[in-house]
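# Descriptive structure summary
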Amino acid sequence: MKARALVRLWSIFGEPLWIVVSIGFPVLSSLALSLLYYSIGAGNYIGFAVLGGVMVAFWGNVLWSMASQFNWDKQEGLFEIYLTSPASITAILVGMSVGGIVGTVPTAVIVTAIGWVLFHPAVAASWGAVAITFALTLASLYALGMTLSSLYLVYGREAESMNEVLQEPVSMVSGLYFPSVGSLSPFPFALQIVVSLIPLTLGMDALRQSLFSSPGFVSLWVDLGALAVMAVAFLAIAAFSLKALEMKGRRDGTISVRIR
Amino acid sequence: MTRESTRSVEVSGLKREFKSKSGPVVALDGVSLDVGEGEIFGVLGPNGAGKTTMIRILSTLLLPTGGAAKVMGFDVEHEPEKVRRVINMASGAEKAGYDFISAKRNLWFFSQLYGMPSALAEKRITELSETLGLTKYLDRKFYALSTGYRQRATIARAFINDPKVVFLDEPTIGLDVMTARSIRDFLRSEASKNGRTIMLATHNMAEVEAICDRVAIIDKGKIIAAGTPEELKRRLGAPALVMEVSPPPKDLEMLRLVAGVKGFTSSADDERELSTIQVVVESDAASKGALDAMTASGHKVVASWRKEATLEEVFVALVGSGFKEREEEVGS
């Protein structure tokens, strides 16, 4: 687990261009939204935009470096090396997650620092709750990434293209830059219920509550409970489905399934 | 049957079928063999013969549909976790490394999949790199390594965990002669000095002749001959006949009619308007018969000579055609 975490960190910081891209995109999107809110006099939303910049970095990492990674590993022949070793595939995924989280922290810090220096967003934080919320949000997000990684192994590139399709819509409905659930949401209640099944939605709702004392969709503790359940459930699904996939591979000679 | 007292690999009646749209495809059809400790065992055959399927079953990536196989006494079907602790594998086709980290860090990472203490892993990386001539390139990022050095790193990875048995699938494919030779020297030394068992799937005859203690020739999922390379070649009894013929014949059916001709392969040289035909014969009389048949068909035999039999000719003698022709038959 530790070794895979280190590989992720070495890879993230081993390519200067990737560092620029992984920091640049969240910084720019956060700045753009912050400036928009500032210019229309919605100063109380600037904090949401800065928080969104932080979380979009983690969300991108979950999609492109967690969900897709095993599929890329399979194409390169690395997945077979994992399978023929005594190492646990779930432990490798957990290591990948830890490396991804630690490797994304500098981006999160830079986005926060720039947002803070330029806009001084009003914060009314309960820091203990923020820490717990942040940890549970990341746990559920990365556990979702583990589940997606097994899905992407099954459907290969066809499923990976879902990343492209879903990234922006999920970013929008999960409320990365504005509250998508609760009293401040522009969405109908039914849609709010549906999008609450995405851990990012509840995580953002909980983070806004704990950082800015913003009104939430449900109470902070309900958010945290749901995030904890999601983290455990996604982790269990990932472990089970990866084991099942390994057996399918041994039985059928392939783990891929064609959609068409 | 094995020359060694301890068996590392035991395969008995191994079968594997794959489903396909046109019905079941038999990749392995009742293969049995034993490989002894410290032996380099070659599995030789054309593409599609079943070599890779066998390696994948033995390395726990695939389940057999019949028969049984054990590696170091552990059943590959029911005890894959135990098998995985004592084996490693590599393929010449794999990339097997993360591009943006160094070769050394890649090797260290792969050692950790086997739970090796870091200090031991570092020592092993140093030893393997020195033996494989990789030391100068250890700190280079994986993407910056040439194909040859990347393959050396892949071979180092396959030995990183001090495995008892190593499965290699075409380990020198696409490599230059010097790199391929240095990898073969390394494999030879790992087997003889460290008692490691190496099972090598390949269609490279020269590789098998150079390093394998024993070889099984496999065709259409069945072992058609097994023994030391020398034993197999001796079975032919007579050397092969090579003839250069002009103009290149459209077909070689006339040779099939000659008594004592076991098989043949040919290659055309369009520039010289010549065909080089290798004929596997049972006797000198069959050689003369083949030359006469060629002349009688209106072709000029520009030159002819006898040469020592190779493993390809053993294969030709057994199935009547060469690897290339067999691959075309299987593919069609």
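Residues numbered from 1 in each chain as written. Chains lettered and ligands numbered in written order. Predicted model: local features only at pLDDT ≥ 70, side-chain atom pairs only at ≥ 80, totals over all residues.

## Quick word on the environment of Tyr149(B)
Residues and elements named next belong to chain B. One can find tyrosine 149 in helix α5 (residues 147–159). You can call tyrosine 149 buried: it has 20 C-beta atoms within 10 Å. Taking the C-alpha atoms as reference points, tyrosine 149 and leucine 132, separated by 17 residues in sequence, lie 9.0 Å from one another. Not counting the four nearest positions on each side in its chain, tyrosine 149 is found in contact with Leu134 and Tyr137. (Helix = DSSP H or I, 4+ residues; strand = E, 2+ residues; numbered from the N terminus. Buried ≥ 20, exposed ≤ 12 C-beta atoms within 10 Å, placed from the backbone. Contact = placed C-beta atoms within 7 Å.)

## Topic: unusual backbone geometry
All names here are of chain B. For the bond running from serine 246 to proline 247, omega is -15°, close enough to zero to count as cis. Counting through the fold element by element, proline 247 comes out in the loop between β11 (240–246) and α9 (253–256). Of note, aspartate 162 is a non-glycine position whose phi angle comes to about 55°, a positive value. Secondary-structure assignment places aspartate 162 in the loop between α5 and β7 (165–169). One non-glycine residue with positive phi stands out, namely lysine 220, at about 50°. Structurally, lysine 220 can be placed in the loop between β9 (214–219) and β10 (222–227).

## A closer look at the sheet that holds strand β5 (residues 74–75) of chain B
All names here are of chain B. Ordered in space as β2-β1-β4-β5, the four strands form an open sheet in which the pairing is antiparallel. Each edge of the sheet is formed by a strand with only one pairing partner; in this case those strands are β2 (25–36) and β5. Bridge analysis of strand β1 (residues 7–18) against strand β4 (residues 66–71) gives five bridges, and the strand direction is antiparallel. Its bridge partner lying in β4, valine 11 is registered against alanine 69. Sheet strands in contact with helix α1 (residues 51–58) are β1, β2 and β4, and its direction is about 120° off that of β1. (Pairing = 2+ DSSP bridges. Axes fitted to C-alpha atoms, helices over the stretch in contact; angles between N-to-C directions.)

## Examining the sheet that holds strand β13 (residues 274–281) of chain B
Residue and element names in this part refer to chain B. Strand order in the open sheet made by the four strands is β12-β13-β11-β14, with antiparallel pairing throughout. Looking at the sheet topology across the chains shown, the edges are occupied by β12 (261–269) and β14 (300–307). Recorded for the sheet is a direction-independent mean angle of 20° between the axes of neighbouring strands. Judged from the eight bridges that link them, β12 and β13 form a sheet pairing that is antiparallel. The residue of β13 that forms the bridge with serine 266 is isoleucine 277. Most of the contacts of helix α10 (residues 284–296) go to β11, to which it runs at about 10°, and overall it touches β11, β12, β13 and β14. Across the sheet, helix α11 (residues 311–319) is in contact with β11, β12 and β13; its angle to β12 comes to roughly 125°.

## What about the domain arrangement of chain B?
Residue and element names in this part refer to chain B. For chain B, the assigned domains are domain 1 (7–227) and domain 2 (234–331). Counting residues at the interface gives 12 residues for domain 1 and 11 residues for domain 2. For the side of domain 1 that touches domain 2, the elements supplying multiple residues, two or more each, are α7 (205–211), β9 and β10. Among the elements that line the side of domain 1 that touches domain 2, the one with the most residues is α7, at three residues. When the residues that make up the side of domain 1 that touches domain 2 are grouped by side-chain class, the tally is seven nonpolar, three polar and two charged. (Domains from an automatic or database assignment. Nonpolar A, V, L, I, M, F, W, Y, C, P; charged D, E, K, R; others polar.)

## Observations concerning the packing of helix α3 (residues 46–67) of chain A against helix α7 (residues 127–173) of chain A
Residue and element names in this part refer to chain A. Closest axis-to-axis distance for the α3/α7 pair is 7 Å, and the angle between their directions is 60°. Considered as vectors, α3 and α7 are oriented oblique to each other. Considering how the two elements wind past one another, α3 and α7 form a crossing that is right-handed. Within the contact between the two elements, α3 uses Val56, Phe58, Trp59, Val62, Leu63, Trp64, Met66 and Ala67 and α7 uses Leu138, Leu141, Tyr142, Leu144, Gly145, Met146, Leu148, Ser149, Tyr152, Asn163, Gln167 and Ser171. Residues of the contact of α3 with α7, tallied by class, amount to 15 nonpolar, five polar and no charged. (Parallel < 35°, antiparallel > 145°, perpendicular 65-115°, else oblique. Left-handed = near helix turned anticlockwise from the far one by under 90°.)

## Re the packing of helix α3 (residues 103–112) of chain B against helix α4 (residues 118–132) of chain B
Residues and elements named next belong to chain B. Packing of α3 against α4 brings their axes to within 10 Å, and their N-to-C directions diverge by 130°. On the basis of their axis angle, the class for α3 and α4 is oblique. Once α3 is placed against α4, the crossing between them reads as right-handed. Contact with α3, carried on its side by Lys104, Leu107, Trp108 and Ser111, involves Ala121, Arg124 and Ile125 of α4 and no other residues of that element. Across the contact of α3 with α4, the residue classes break down as four nonpolar, one polar and two charged.

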